[in-house]
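What the coordinates show
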Amino acid sequence: MKLFYRKYIVVLMTISFVVAGNSDESTMKKMAVKKVEEQAKLIQEMVDMIYSFGELGFQEVETSNYLIGILEGNGFKVTKGISGIPTAWMAEWGKGKPVIALGSDIDGIPKSSQMPGVAYHKPMIEGAPGHGEGHNSGQAVIVAAAIAMKDIMIKEKLKGTIKLWPGVAEELVATKAYFARDGYFDNVDACIFTHVSSNLAVTHGQAGGNGLLSVEYTFEGKTAHSAGSPWRGKSALDAVELMNIGWNFRREHLRPPYRVHYIVTDGGDQPNVVPKNASVWYYLRELDYEHIMQLFDYSNQIAEGAAMMTDTKLISTRILGSAWPRHFNEPIARAMYSNIKEVGLPKWDKNDQALAKAVQKEAGNKEIKGLPTKLDTLRGPVSKSNNWGGGSDDIGDISWTVPTVTLRYPSNIPGLPGHNWLNGIAMATPIAHKGAVAGAKALAMTLVDLYTDKSLVKDAKKYFKDQTKDTKYQPMISKSDKPAIELNEKIMSTYRPEMKKYYYNPKKYDNYLDQLGIKYPTLKK
């Protein structure tokens with residue numbers, strides 16, 4: 001893949017307060033926008049390339065190698081394998097303050113393989129993973145913005161440090177708490193995270209949704225012949241089933257915002273052998289740390305009760321991941337929203353809208369509105385009384401470690417179910433490319449703010465101090481917990497050989513749709 005990197009050997013530099021130079025902030029922002037526009041081809045290639053890899057969490061080998069190659073080729077020092085995670089890294093350039101970290105997720109979704117630009121279910125490989133959320137697009141946003149800012153820094157003789165990092169295994173909420181625990185954000189002044197969406201937006205204050213603790217319980221029993229002498233066995237699977245039953249009865253007596261769901265990861269070997277070992281994996285979600293840990297206490301009690309009822313042993317309670325509820329920095333969000341209004345939404349053409357409406361129809365939506373043409377508003381905190389729970393993101397742990405915001409950029413279609421092949425249809429099409437360009441513009445303009453306006457960083461830190469005055473961040477993982485880097489290894493080893501046949505080749509094809517021979521948009525079978 002190195003041939004693809006050399007095309008973009010441009011020093012990605014980082015960045016700081018105004019020290020020298022003649023241009024004012026407005027002029028630098030215009031420069032930033034222009035420089036992002038000049039990188040539209042790079043953005044398209046990065047979006048398409050990472051889409052073609054389609055890798056699951058902890059197994060983003062091709063994706064990380066591709067990104068590391070680009071960054072090292074542009075003069076970044078890349079520390080690989082941070083927090084003991086082979087596909088995680090931290091790239092750094094420059095020195096001095098402020099230190100701004102830019103991050104975006106990179107992992108895909110199981111069983112979401114999908115031909116892009118095709119408005120019905122057409123997997124590239126049946127049963128294979130794919131980018132059924134759109135995490136293939138965010139790194140293009142942050143890399144392009146960094147390149148734009150680098151050129152400005154050279155011209156204006158500005159100092160500072162920029163860090164870029166990947167959200168590895170976000171779908172497992174399994175890494176960012178380790179990054180925070182292990183000190184990778186200790187000297188960072190602010191973090192800007194990016195995430196795919198259907199609009200160009202940012203929020204501040206307490207976000208909606210829940211925090212989360214991911215836990216796997218493993219029971220040990222005793223084997224026996226299931227028909228010949230079952231009385232001599234002790235079924236670990238019985239313990240798993242009774243634990244699930246216990247939780248399903250406990251649900252009635254929990255607060256409305258909670259979410260608890262599970263899968264059985266090991267149910268034994270074969271029916272005629274009483275299972276010696278069995279495991280079940282739980283996600284425990286609530287609005288705040290205290291209530292998440294309360295769910296954890298309930299869960300542990302239920303597990304212990306299930307072991308007692310079956311005369312088995314609870315041999316492992318393993319934390320696989322965690323996510324604090326998200327809280328975003330108001331001063332940075334307000335500065336970013338001013339830039340969002342300047343950038344505006346992309347100009348969608350009739351093909352973009354036709355694909356969006358066809359996909360919404362395929363999803364069974366009652367309202368077929370297509371892509372948005374009006375910017376979202378700047379939304380503030382979601383009060384606990386109005387927060388009925390929902391999804392989680394481990395950017396929450398970073399948001400309680402340093403001043404943080406999440407920029408949402410319009411690379412996907414609204415009204416889709418999420419974590420589904422439907423959500424992958426737009427993600428290597430002009431919709432994704434245009435949305436990522438818009439996101440990179442807003443991000444680059446906000447970097448200009450952070451590196452030229454001392455008061456913005458000062459105000460962001462003051463807000464963060466107030467944010468953490470009464471609520472103190474306590475990691476849900478311990479010092480001895482280790483990332484579950486083996487997750488998804490078996491799935492990827494099964495599908496990767498066939499998936500390699502579909503890797504994008506930008507030297508031969510202008511875009512991924514061309515390589516796949518897809519007419520844009522393809523609306524009917």
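Above this note sits the structure.
The structure contained in this document is the topic of the report that follows. (Residues numbered from 1 in each chain as written. Predicted model: local features only at pLDDT ≥ 70, side-chain atom pairs only at ≥ 80, totals over all residues. Heavy atoms only, no water.)

Evaluated as defined, the whole model comprises one cavity of 30 Å³ or more. Of the voids in this model, the largest cavity is the one considered here, and its volume is about 90 Å³. The wall of the largest cavity is formed by 14 residues, among which Ser52, Ser113, Met124, Pro129 and Met499 lie closest to the centre. The biggest single contributor to the lining of the largest cavity is helix H3 (residues 40–53), with three residues. Residues belonging to the lining of the largest cavity are distributed by class as follows: eight nonpolar, six polar and no charged. (1 Å grid on protein atoms, 1.4 Å probe; cavity = no way out; pocket = protein on both sides within 12 Å on 5 of 7 lines; lining within 4 Å. Points joined across faces, edges and corners; volume = space filled by probe spheres on them. Helix = DSSP H or I, 4+ residues; strand = E, 2+ residues; numbered from the N terminus. Nonpolar A, V, L, I, M, F, W, Y, C, P; charged D, E, K, R; others polar.)

So, about the pairing of strand S4 (residues 160–167). Counting buried positions along S4 yields eight of eight residues, so the element is predominantly enclosed. Going residue by residue along S4, you find Gly160, Ile162, Leu164 and Pro166 tucked away on one face and Thr161, Lys163, Trp165 and Gly167 tucked away on the opposite face as well. Note that strand S2 (residues 89–95) and S4 share five bridges and pair antiparallel. Note on S4: the bridge partner recorded for tryptophan 93 is isoleucine 162. As paired elements, strand S3 (residues 99–105) and S4 share seven bridges and run parallel to each other. Looking at the pairing, aspartate 105 lines up with glycine 167 of S4. One crossover worth recording links S3 to the parallel S4 by way of helix H5 (residues 138–156), and it is right-handed. (Buried < 20%, exposed > 50% of the residue type's maximum accessible area, 1.4 Å probe, protein only. Pairing = 2+ DSSP bridges. Right-handed = clockwise from strand over helix to strand, strands pointing away.)

Counting residues in hydrophobic clusters, the biggest one holds 132 residues, and the most contacted among them are Ile43, Leu102, Leu164, Trp165, Phe185, Leu443 and Leu447. Per element, the largest residue contribution to this core is 13 residues, and it comes from helix H12 (residues 430–452). (Core = buried A, V, L, I, M, F, W, Y, C linked by side-chain atoms within 4.5 Å.)

Turning our attention to the sheet that holds strand S8 (residues 259–266). Spatial strand order, S8-S9-S7-S10: four strands in an open sheet with antiparallel pairing. Each edge of the sheet is formed by a strand with only one pairing partner; in this case those strands are S8 and strand S10 (313–323). Each adjacent strand pair in this sheet contributes to an overall mean axis angle of 20°, direction not counted. In this sheet, strand S9 (residues 277–286) lies alongside S8 in antiparallel orientation, the contact comprising seven bridges. (Axes fitted to C-alpha atoms, helices over the stretch in contact; angles between N-to-C directions.)

Under the defined criterion, the tally for this structure stands at 27 salt bridges. Salt-bridge contacts for lysine 35 lead to aspartate 151; the nearest nitrogen and oxygen are separated by 3.7 Å. Pair noted here: lysine 35 is in helix H2 (residues 25–37) and aspartate 151 is in helix H5, with a separation of 116 residues, a long-range link. The partner of glutamate 330 in a salt bridge is arginine 334, with the nearest N and O atoms 2.8 Å apart. Of this pair, glutamate 330 and arginine 334 both sit in helix H9 (residues 330–343), four residues apart, which is roughly one turn of that helix. (Salt bridge = Lys/Arg side-chain N within 4 Å of Asp/Glu carboxyl O.)

Attention now moves to the sheet that holds strand S12 (residues 404–410). Pairing is mixed in the open sheet, where six strands are placed in the order S1-S2-S4-S3-S5-S12. Here the strands that pair on one side only, and so sit at the sheet edges, are strand S1 (77–80) and S12. With strand direction ignored, the average angle separating the axes of adjacent strands in the sheet is 20°. H12 contacts S3, S4, strand S5 (190–197) and S12 of the sheet and is inclined by roughly 150° relative to S12. (Contact = heavy atoms within 4.5 Å.)

Its volume calculated, the largest pocket comes out at about 1,400 Å³. Residue lining of the largest pocket: 48 residues in total, with Glu171, Tyr283, Arg285, Ser392 and His419 positioned closest to the centre. Looking at the lining of the largest pocket, the elements that each hand over two or more residues are strand S7 (211–220), S8, S9, S12 and helix H14 (489–499). At five residues, the largest contribution of residues to the lining of the largest pocket is made by S8. Grouping the constituent residues of the lining of the largest pocket by class yields 20 nonpolar, 15 polar and 13 charged.

The peptide bond linking lysine 97 to proline 98 adopts the cis configuration, its omega dihedral lying at 0°. The residue proline 98 is located in the loop between S2 and S3 in this model. In the segment running from tyrosine 520 into proline 521, the intervening peptide bond is cis, with an omega of -10°. Tracing the sequence through the fold places proline 521 in the segment after helix H15 (512–516). Of note in this structure, lysine 157 is not a glycine but carries a positive phi near 60°.

Within the fold, methionine 90 resides in strand S2. Of the residues examined, methionine 90 reaches a relative accessible area of 5% and is grouped as buried. Linking methionine 90 and phenylalanine 179, residues 89 residues apart in sequence, is a C-alpha distance of 9.8 Å. Excluding anything up to four places from it in sequence, methionine 90 contacts Lys77, Val78, Thr79, Ile82, Lys163, Leu164, Trp165, Tyr184 and Phe185.

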